[in-house]
Structure formats: structure tokens, C-alpha cells
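Understanding the architecture of this molecule
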Amino acid sequence: MKNLIIIIGTIMLGVLIVNTMILGDGEDSLRGAAGSLVSRGTDVIRTISPGEGE
């Protein structure tokens, strides 16, 4: 019975961590960080003029 409680607690803790750190909507989540990175990358690409660096 003790092992079952430990397993259930571990699963609940894992779900909490995944929901807050990975799937969250804030800037501190991986989704928010990836969105920010993509946004900055597309802004940089838009500022590069065609033919530059050739």
C-alpha cells in the first residue's frame, strides 16, 4: 500500500511539472520561450536585406 501511494504521488508530481514548465502559457514555460525565440528569429530575418552577405 505504501508503494502504491509513492507511485501515485510521483505521477501527480510529474504531471504538475509537465503542465507548469512545459505546457504553460507564461514566458517561463518552454512553449513561451520557443515562441519568443521564433518571434525574434523572424524579426531578424525580416531586417536582413536580400543579397547581403554575398
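Our subject is the structure listed above.
Structural notes, computed from the coordinates. (Residues numbered from 1 in each chain as written. Predicted model: local features only at pLDDT ≥ 70, side-chain atom pairs only at ≥ 80, totals over all residues. Heavy atoms only, no water.)

A few points about the environment of Ile22
- By secondary structure assignment, the location of Ile22 is in helix H1 (residues 2–22).
- Taking the C-alpha atoms as reference, Ile22 lies 8.9 Å from Gly32; in sequence the two are 10 residues apart.
- If near-sequence neighbours (up to four positions away) are discounted, Ile22 is found in contact with Ile17, Ser29, Leu30 and Arg31. (Helix = DSSP H or I, 4+ residues; strand = E, 2+ residues; numbered from the N terminus. Contact = heavy atoms within 4.5 Å.)

A look at the pattern of salt bridges
- Scanning all chains against the criterion turns up 1 salt bridge.
- Put simply, Asp43 and Arg46 hold a salt bridge, and the shortest N to O gap is 3.8 Å. Note that Asp43 and Arg46 are positioned in helix H2 (residues 30–47) at a spacing of 3 residues, about one turn of the helix.
- A relative accessible area of 38% places Asp43 in the partly exposed class. (Salt bridge = Lys/Arg side-chain N within 4 Å of Asp/Glu carboxyl O. Buried < 20%, exposed > 50% of the residue type's maximum accessible area, 1.4 Å probe, protein only.)

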